[in-house]
Amino acid sequence: EKREDEKMARKLAPRTFDLTTETGKVLNDAFEALSNENFEWLDQQARQARKEKARLAGGYWKIRNIYIGLESPTNGTDEEWQKHFERLNRWKENFPDSITARVAIAESWIEYAWQARGTGYAHTISEEELRHYHERLNVAEQELLEAKNLAERCPQWHAALLAVAHSQGWEFEDFDAAYQEAAKFEPSYYYFAVLKGSYLLPRWYGEKGDWEAFVENASAEIGGAEGAIIYYLVASDYISDYKDPAYDSSKLSMEKAKQGFYALKKNYGADKQRLNEFAKFAIRINDLPAAHEAFEEIGDDWLEGVWSSKQKFDQYKSIAAAARKTADRHMQRQ
């Protein structure tokens, strides 16, 4: 395989939801509705979110977060997964025209595939794990293809197909055709661009310079605040998550990426997830003043999913604070 490491083409759904946030409430409400088999309510909520193109604090699309609440059981045992799929299939049987049910099933199979495979390097995966991984991805793809001609359409259908395409290693022409169709359907649904950006990294299926060119082009095609936001989200997805980010600084502007975050914050607000992510991004690009500003806003509201440990969070927060003090002393001397 071309892959040098295995950052997933998607992020696994959280198993617990922070109900103090708007995002957490959307996730939990969807999860509880599925548990109670309140299928009609789920369809209504999803239909309304699509119609309104609703966004949550942090700029997250509400429809995407509804699906995150639907894509996995509370724990990862095979017994729980079986019950989860039984509920989803009852939804599909009772509401055969529901695009939401079909996408939720596909998303769950993608999630289940990654559980079989794990997140390790390719050479650490057993043949059996890899077999389960591909079998489950194939089920997800089939669900999506069967739902393609339903009357109601959904942007997450396209995102799920791109996730399958990335995970299955589609050839560029096929992947790009799926991306172009997705972007035409809903240009500002930024998950499309994040998925293609990941696909184009040299460690996956792209060549040197492909990713940087895509970030610039995707941002320019949309333009305005949404284009700036996409620039930040695609750039930070790579730079914040990989241990050894390597990019051509002459072709990618970290200042432009930073301004994209500020545009996101202005237009939608920045929840604690976005603030923690931006603080980490600012640290990674060595913009300590921007990092310090973010850390000040975060306070002690750190997130393990971003920093891994409180020790690491405190370490970087101290580095940014020390840099700010040094800059202040320098200014005073002048």
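Residues numbered from 1 in each chain as written. Predicted model: local features only at pLDDT ≥ 70, side-chain atom pairs only at ≥ 80, totals over all residues. Heavy atoms only, no water.

## Considering the overall build of the protein chain
Rule in force here: A run of DSSP states H or I qualifies as a helix once it reaches four residues; a run of E qualifies as a strand once it reaches two. Both are numbered from the N-terminal end. When we talk radius of gyration, it's over C-alpha atoms, and the globule rule is simply 2.2 Å times the number of residues to the 0.38. Each residue's exposure class comes from its accessible area (1.4 Å probe, protein chains only) as a fraction of the maximum for that residue type: buried when under 20%, exposed when over 50%, partly exposed otherwise. Should any heavy atoms of two residues lie within 4.5 Å, those residues are counted as being in contact. Note on areas: Shrake-Rupley with a 1.4 Å probe; residue coverage comes only from the protein chains shown. Counting rule for charge: Lys and Arg are taken as positive, Asp and Glu as negative, and neither His nor the chain ends is counted. Lysine's charge is taken at NZ, arginine's at CZ, aspartate's at CG and glutamate's at CD.
For the protein chain, the count of helices and strands is 16 helices and zero strands. Here the C-alpha radius of gyration of the protein chain, 20 Å, is about what a compact globule of 334 residues would show, namely 20 Å. The principal-axis extents of the C-alpha atoms in the protein chain amount to approximately 75 × 40 × 40 Å. Sorting the 334 residues of the protein chain into buried and exposed places 51% on the buried side. When contacts within the protein chain are restricted to residue pairs at least 6 apart in sequence, long-range pairs at least 24 apart make up 68% of them. Here the protein chain displays about 16000 Å² of accessible surface, and carbon together with sulfur accounts for 48% of that area. The distance from the centre of the 45 positive side-chain charges to the centre of the 57 negative ones in the protein chain is 5 Å.

## Some details on the packing of aromatic side chains
Two numbers describe a pair of aromatic rings. These are the distance of the centres and the angle of the planes. Put simply, the rule reads: Two aromatic rings, drawn from Phe, Tyr or Trp (for Trp, its six-membered ring), form a pair once their centres lie within 6.5 Å of each other, and the interplanar angle then sorts them: stacked below 30 degrees, edge-to-face above 60, tilted otherwise. In this scheme, Lys NZ or Arg CZ marks a charge over a ring once it lies within 6 Å of the ring centre and within 35 degrees of the ring normal.
A complete count under the given rule lists 28 aromatic pairs for this structure. For the ring pair Y179 and F214, a centre distance of 5.6 Å and an interplane angle of 75° mean the geometry is edge-to-face. Placement of Y179 in helix 8 (residues 172-185) and of F214 in helix 10 (residues 210-222) is noted, with a sequence separation of 35 residues between them. Residue class for Y179 comes out buried when judged on its relative accessible area of 6%. Put simply, the rings of W61, Y189, Y190, Y191 and F192 touch in pairs and so form one group of aromatic residues. It is R136 that lies over the ring of Y112; its NZ or CZ is 3.5 Å from the centre.

## As for the nonpolar core
What counts here: Throughout this description, the term nonpolar core refers to a set of buried Ala, Val, Leu, Ile, Met, Phe, Trp, Tyr and Cys residues connected via side-chain atoms within 4.5 Å.
Membership of the largest hydrophobic core comes to 99 residues, with the highest contact counts inside it found for I63, L70, W91 and F295. For this core, the element with the highest residue contribution is helix 5 (residues 99-117), accounting for eleven residues. When residues no more than four places from it in sequence are discounted, the contact partners of L70 are A30, L34, L42, H84, W91, A104 and S108.

## Overview of the packing of helix 5 against helix 6 (residues 127-147)
Rules: Axis angles are defined between N-to-C directions and span 0 to 180 degrees, where every axis is a line fitted to C-alpha atoms and, for a helix, only to the segment in contact. Note that the term roughly parallel is reserved for angles under 35 degrees, roughly antiparallel for angles over 145, roughly perpendicular for angles of 65 to 115, and oblique for everything else. Here the term charged refers only to Asp, Glu, Lys and Arg, the term nonpolar to Ala, Val, Leu, Ile, Met, Phe, Trp, Tyr, Cys and Pro, and the term polar to all other amino acids, Gly among them.
In contact at an axis separation of 8 Å, helix 5 and helix 6 are set at 170° when each is read in the N-to-C sense. By the criterion of interaxial angle, the relationship of helix 5 to helix 6 is roughly antiparallel. Contacts between helix 5 and helix 6 involve I99, R102, I105, A106, W109, I110, Y112, A113, W114, A116 and R117 from the former and E129, H132, Y133, R136, L137, V139, A140, E143, L144, E146 and A147 from the latter. Broken down by class, the residue content of the contact of helix 5 with helix 6 amounts to 15 nonpolar, one polar and six charged.

## Examining the pattern of salt bridges
The following threshold applies: Between Lys or Arg on one side and Asp or Glu on the other, a salt bridge is scored when a side-chain nitrogen of the former is within 4 Å of a carboxyl oxygen of the latter.
One pass over the structure, following the stated rule, counts 21 salt bridges. The closest approach of N and O atoms between K258 and E255, which form a salt bridge, is 3.4 Å. Residue K258 and its partner E255 are located together in helix 12 (residues 254-268), separated by three residues, close to a single helical turn. The exposure class assigned to K258 is buried, which follows from its relative accessible area of 12%. The class for E255 is partly exposed, based on a relative accessible area of 44%.

## With respect to helix 12
To keep it simple, the criterion reads: One less than the number of residues in a helix, times 1.5 Å, gives the span that helix is expected to have. Here a polar contact is taken to be a pair of N or O atoms separated by no more than 3.5 Å, where protein atoms must pair a possible hydrogen donor with a possible acceptor and residues adjacent in sequence count only if both atoms sit in side chains.
An ideal rise of 1.5 Å per residue puts 21 Å on 15 residues; helix 12 measures up with 21 Å between its terminal C-alpha atoms. Those residues of helix 12 lying buried are M254, A257, K258, G260, F261, A263 and L264. Elements in contact with the buried residues of helix 12: helix 11 (224-241), helix 13 (272-284) and helix 14 (288-298). Of the residues flanking the start of helix 12, the one acting as N-cap is S253, its side-chain oxygen 3.4 Å from the backbone nitrogen of E255. Positive backbone phi, at 85°, marks G269, one or two positions downstream of helix 12.

## Observations concerning the confidence of the model for the protein chain
Heads up, the rule is: Within a predicted model, pLDDT stands for the predictor's per-residue confidence, ranging from 0 to 100.
Chain-level pLDDT for the protein chain is 89 on average; 90% of the residues reach the 70-or-more range. The spread of mean pLDDT over the elements of the protein chain runs between helix 16 (residues 310-333), the lowest at 82, and helix 2 (residues 39-52), the highest at 98. Contacts of residues 1-15 to residues separated by more than four positions or lying in other chains number 62 contacts, the stretch itself having pLDDT below 50.

## A short note on the environment of E296
Tracing the backbone shows E296 in helix 14. Taking C-alpha positions, E296 is 9.8 Å from A279, a pair spaced 17 residues apart along the chain.

## So, unusual backbone geometry
The phi dihedral of E37 falls on the positive side, at around 55°, and the residue is not glycine. If you trace the backbone, E37 turns up in the loop between helix 1 (22-35) and helix 2. Owing to a relative accessible area of 29%, E37 belongs among the partly exposed residues under this scheme.

## Re the side chain of K280
Structurally, the position occupied by K280 is in helix 13. Of the polar contacts made by the side chain of K280, one reaches the backbone oxygen of V306; its length is 3.1 Å. Excluding its chain neighbours within four sequence positions, the residues that come into contact with K280 are S240, V306 and W307.

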